[in-house]
Each structure stands twice: as C-alpha cells, then as structure tokens.
Amino acid sequence: MTPLKVFYNSLGTPEMYAMIRSKMAADMTLVTLDTDEDAERRDKVAGCDVAIVAAKPLTGPTIAAGDRLRLIHHQGVGYHDTVDLAAARARGLRLALTPEGTTIGVAEHAVLLALAAARRVTFADAELRRGHWHVNALRPVSLELYGKTVGFVGFGRIGREAARRFAAFGTRTVFHDPGVADDAAHGAERRPLDWIAGNADLISIHVPLTEATRHLVDAAFIARMKPSAILVNTARGGVVDDAALAAALAEKRILAAGLDVFEGEPIGPDHPYCALPNVVLTPHISAGTRDALSHKMAAVFLNLERFRNGEPLANEVDLATA
Ligand code: NAD
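Residues numbered from 1 in each chain as written. Predicted model: local features only at pLDDT ≥ 70, side-chain atom pairs only at ≥ 80, totals over all residues. Heavy atoms only, no water.

**Focus: the overall build of the protein**
Next, step 1: Assigned secondary structure in the protein consists of 11 helices and 13 strands.
Next, step 2: Taking 322 residues into account, the globule formula puts the C-alpha radius of gyration at 20 Å, and the protein, at 21 Å, falls close to it.
Next, step 3: Considering only C-alpha atoms, the protein reaches an extent of 65 × 50 × 30 Å along its principal axes.
Next, step 4: The long-range fraction of contacts in the protein, counting pairs at least 24 apart against all pairs at least 6 apart in sequence, stands at 63%.
Next, step 5: For the protein, the accessible surface area stands at approximately 14800 Å², while carbon and sulfur atoms represent 55% of it. (Helix = DSSP H or I, 4+ residues; strand = E, 2+ residues; numbered from the N terminus. Rg over C-alpha atoms; globule rule 2.2 N^0.38 Å. Contact = heavy atoms within 4.5 Å. Areas by Shrake-Rupley, 256 points an atom, 1.4 Å probe, with all protein chains shown as cover.)

**A few points about the site of the ligand**
Next, step 1: Around the ligand, the structure places 25 residues, and the nearest of them are Arg-157, Ile-158, Asp-177, Thr-234 and Asp-260.
Next, step 2: Between a nitrogen atom of the ligand and a main-chain N or O atom of Thr-234, the distance comes to 2.9 Å.
Next, step 3: His-284 has a polar side-chain atom sitting 3.4 Å from an oxygen atom of the ligand.
Next, step 4: Starting from 860 Å² of accessible surface for the ligand in isolation, the protein chains cover 83%.
Next, step 5: For the shell around the ligand, the elements supplying multiple residues, two or more each, are α5 (99-119) and α7 (157-167).
Next, step 6: Residue classes in the shell around the ligand are distributed as 10 nonpolar, 11 polar and four charged. (Near = heavy atom within 4 Å. Polar contact = N/O pair within 3.5 Å; in protein donor to acceptor, adjacent residues only side chain to side chain. Nonpolar A, V, L, I, M, F, W, Y, C, P; charged D, E, K, R; others polar.)

**Let's talk about α7**
Side chains of residues three or four places apart in an α-helix project in the same direction, reflecting 3.6 residues per turn.
Next, step 1: Within α7 the residues assigned to the buried category are Ile-158, Gly-159, Glu-161, Ala-162, Ala-163 and Phe-166.
Next, step 2: The inward-facing, buried residues of α7 abut α5, β6 (149-153), β7 (172-176) and β9 (202-205). (Buried < 20%, exposed > 50% of the residue type's maximum accessible area, 1.4 Å probe, protein only.)

**Details of the UniProt feature "domain: D-isomer specific 2-hydroxyacid dehydrogenase NAD-binding" (unreviewed entry) in the protein**
Next, step 1: The sites that UniProt annotates as "domain: D-isomer specific 2-hydroxyacid dehydrogenase NAD-binding" (unreviewed entry) are residues 112-286.
Next, step 2: The straight-line gap between the two end C-alpha atoms of residues 112-286 is 10 Å; of that span, 29% is helix and 15% is strand. (UniProt positions renumbered as here; feature names shortened; annotations may be inferred.)

**Some thoughts on unusual backbone geometry**
Next, step 1: Put simply, Glu-265 and Pro-266 share a cis peptide bond, and its omega is -5°.
Next, step 2: In this fold, Pro-266 is placed in the loop between β11 (256-259) and β12 (279-281).
Next, step 3: Unlike most non-glycine residues, His-215 shows phi in positive territory, near 55°.
Next, step 4: Here His-215 shows up in the loop between β9 and α9 (219-224).

**Focus: the pairing of strand β2 (residues 28-31)**
Next, step 1: Both strand β1 (residues 4-8) and β2 contribute to a ladder of four bridges, which runs parallel. Among the inter-strand pairings, Val-6 is bridged to a residue of β2, identified as Leu-30. (Pairing = 2+ DSSP bridges.)

**Concerning the domain arrangement of the protein**
Next, step 1: On domain assignment, one finds that the protein holds domain 1 (4-101 + 289-317) and domain 2 (103-281).
Next, step 2: Put simply, the middle of domain 1 and the middle of domain 2, counted by C-alpha atoms, are 30 Å apart.
Next, step 3: With seven residues of domain 1 in contact, the opposing surface of domain 2 contributes eight residues.
Next, step 4: Around 650 Å² of area is buried between domain 1 and domain 2 when both sides are counted, 51% of it from carbon and sulfur atoms. (Domains from an automatic or database assignment. Buried area = accessible area lost by both parts, 1.4 Å probe.)

**A closer look at helix α10 (residues 242-250)**
Next, step 1: Within α10, the full set of buried residues consists of Asp-242, Ala-244, Leu-245, Ala-246, Ala-248 and Leu-249.
Next, step 2: Among the structural elements, α9, β10 (230-233), β11 and β12 are those in contact with the buried residues of α10.
Next, step 3: Capping the start of α10 is the job of one residue whose side-chain oxygen sits 3.1 Å from the backbone nitrogen of Ala-243: Asp-241.

**Some remarks on the side chain of Thr-213**
Next, step 1: Tracing the sequence through the fold places Thr-213 in the loop between β9 and α9.
Next, step 2: If we skip the residues at most four places from it in the chain, Thr-213 touches Val-207, Pro-208, Gly-238 and Val-239.

**Let's talk about a nonpolar patch on the surface**
Next, step 1: Where nonpolar side chains cluster on the molecular surface, the patch consists of Leu-128, Trp-133 and Val-135 and spans about 380 Å² of accessible area.
Next, step 2: Mapped onto the secondary structure, Trp-133 falls in the loop between α6 (121-129) and β6.
Next, step 3: Overall, Trp-133 belongs to the exposed group, its relative accessible area being 68%. (Patch = residues over 30% accessible without salt bridge, like charges linked within 9 Å, V, L, I, M, F, W, Y side chains within 5 Å. Salt bridge = Lys/Arg side-chain N within 4 Å of Asp/Glu carboxyl O.)

**Overview of the UniProt feature "domain: D-isomer specific 2-hydroxyacid dehydrogenase catalytic" (unreviewed entry) in the protein**
Next, step 1: Under the local residue numbering, the UniProt record ascribes the feature "domain: D-isomer specific 2-hydroxyacid dehydrogenase catalytic" (unreviewed entry) to residues 21-317.
Next, step 2: In the segment residues 21-317, helix accounts for 35% and strand for 15%; the C-alpha atoms at its two ends are 25 Å apart.

**What about the sheet that holds strand β4 (residues 71-74)?**
Next, step 1: As summarised here, the arrangement of the six strands in space is β2-β1-β3-β4-β5-β13, forming an open sheet in which the pairing is mixed. Two strands close off the open sheet at either side, each with one partner strand: β2 and β13 (316-317).
Next, step 2: Pairing of β4 with strand β5 (residues 94-96) involves three bridges; the strand directions are parallel. Opposite Leu-71, over in β5, you have Arg-94 as the bridge partner.

**Some remarks on the side chain of Gln-75**
Next, step 1: With respect to the helices and strands, Gln-75 occurs in the loop between β4 and α4 (85-90).
Next, step 2: Classification of Gln-75 by relative accessible area gives buried; the value is 9%.
Next, step 3: Each residue touching Gln-75, except ones within four places of it in the same chain, is listed here: Tyr-8, Ile-52, Val-53, Ala-54, Thr-98, Thr-102, Leu-293, Lys-296, Met-297 and Val-300.

Next up, the structure:
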C-alpha cells in the first residue's frame, strides 16, 4: 500500500499528537507543528499527501506550499470558514469531513453552556473563591430549563442532537432552518427567525458561518429578544455580532449568554465579555473532548485508508458546488 504523509495544520500538545498517532496505520506519517507560525506550516506541508484541518484555518499560501497535497480532511465539519475553498478548488484537491465525535461533543457543550449561563456558574465559582458566598444574591436571575422554549437556529446534525438533550429537561423545541424538511423535524415546531428571536427563552445557534449567516444574530435580532432570554453560541464567531451582544448583556437587555466562539479568536482578557458577570465563556472547545478526538481520528484514518485504496470517501464535500 502507498505510505501516506499527513500534515496536521493545528498546533497541538505532545499528548494530543500521541493520541492521534495511536489511531494511524504504521505506514502513515504524521507531520506536526512545533510553533503556531505560518512559515513552519508552509515548510512542513511540502511533500505531504493529506492535510488535517481543525479550528485553525488552512490558508491559500499553505495549500500552495503543499506541492503533493491531494486531500484535505477536516477533523470536524465547519469547513466554510476554515478551508480556503477557492485555493483548494483551483488545485483540484478533495475535501472530506468528520461528523463523528463532533456532533455529540458540541450538543453536550450547548447544554453545558445553557445551564452554566442560567445558573451563573462561573460567576458563582469565581466569587466563592474570593470569599463571597452568594447564597441568595443570584436567586432573582437564576433559571431552570424546565418548561422553557428553546429556539434552534440551524437544525442539522448538531442542532437536532442538542434538541434531544434539551428535551430531556422538559423544554419545548422550536427551530428555524430552511434546509430541513418537515419530516426530519421529529416533532419540533418550525418557526420564522423573527418569531424565535422574540419568543424563545433560550436560543442556541447551530449554523455554519457563510456570507448568509454572518451577523444573523445582530443588534436588531438581539433587540427582539426577551429580557429573560439566554443566547448560546457553539457554532461560529461571526454568526453573532459580538459588539451588539456585549452591549445588550452589559445593559441587561437580555439575561445571559454562553459562548464558545467569537469574532477574532483568540479573544484576550480585555474583551468586553470578560468584564460581564452574565456571560459564560469557553475557548472554542465544544468538540474538544478526549472522546471526540478519539472518535474523530478513528474516522479520519479509516477514511484515509479508503483514500489510498481508491475507494469512495465517507463525508466527501463536492468542491464544485460547495
Ligand atoms: P449541518 O450541516 O448538519 O447543519 C447546519 C444546518 O444549518 C443545516 O441544516 C443548514 O440548512 C442550516 N442553515 C444554513 N444556513 C442557515 C440559515 N441562514 N438559517 C438557518 N439555518 C441555516 O452542520 P452541523 O454538523 O450541525 O454543524 C453546524 C455548525 O457547527 C458547523 O458548520 C460549524 O460551524 C459549527 N461547529 C462548531 C464547533 C465548535 O467547536 N464550536 C464544532 C463543530 C461544528
């Protein structure tokens, strides 16, 4: 069989690289980064057959430096903003995705952020460590999920898995997704985006970042939200207008938010969100569990076996129409 040289485009840790290598066939080589520098990416991608992409974008210059590249394998699904599609198309590269691992991890994280925001967990924890015992102060702003209407913006793989998990708390499910057929809605109620903005108690975002979804949650959307509503975004920074959301949270025009993704990642401690007690923040880790990495890599390397055997790939994206 043809040995494969596989370039890993994100900077990981030695433990993470060891986990990835444990899923590889013995005659595949994983080429990893020691720094987060684009110059090292261009050096190391040269001579590799495949590039694995995670949250760090695979740019045009890196694709151009990959003289032997034939396949880009995303280890998740959000390729719209992480792969330079024009450069990949121009080179005639193929692209495959990995829903395995991703879907459950993100769905669980959406529930985690919703509960953490509803109960102000990170604020209460930080305060307790500083000697402030808020046994009563949070009662007026702390919520349960039971009986609430959860609005999903995007009802694909992750939105639907998240809905199943929220439903276990006794919530009502409504969604907006023009791409979902009624028979795939599984009892969830379809609603216009404006209705969701104005009526849902909790709004969870699960759309890709495209020109059509950029700032889908903008100042006007947020202005329609109830003062008691919570926004959760585990999809992509850029779908939410961060400046508009930070202003609404600071002015208590909505109750709280739980955010895993941001415009301009990574954000630093001077970001407006960091001064707000009513927002829970995580650093783009929704799909970043040990379990997810294990499932993702098993699926990626199984697909790479198909690739070198000339078999059809699972979850291939047609770059001509993407
Ligand atoms: P999916 O393709 O199964 O579902 C996305 C859904 O969004 C589709 O059903 C589509 O019709 C819908 N959609 C597109 N444009 C829309 C619009 N304007 N309004 C409403 N709905 C719209 O994808 P998925 O597996 O559910 O993943 C969703 C997104 O989650 C990914 O594109 C990615 O950006 C993000 N994601 C984030 C992380 C993370 O670590 N935070 C991890 C994985 C995926």
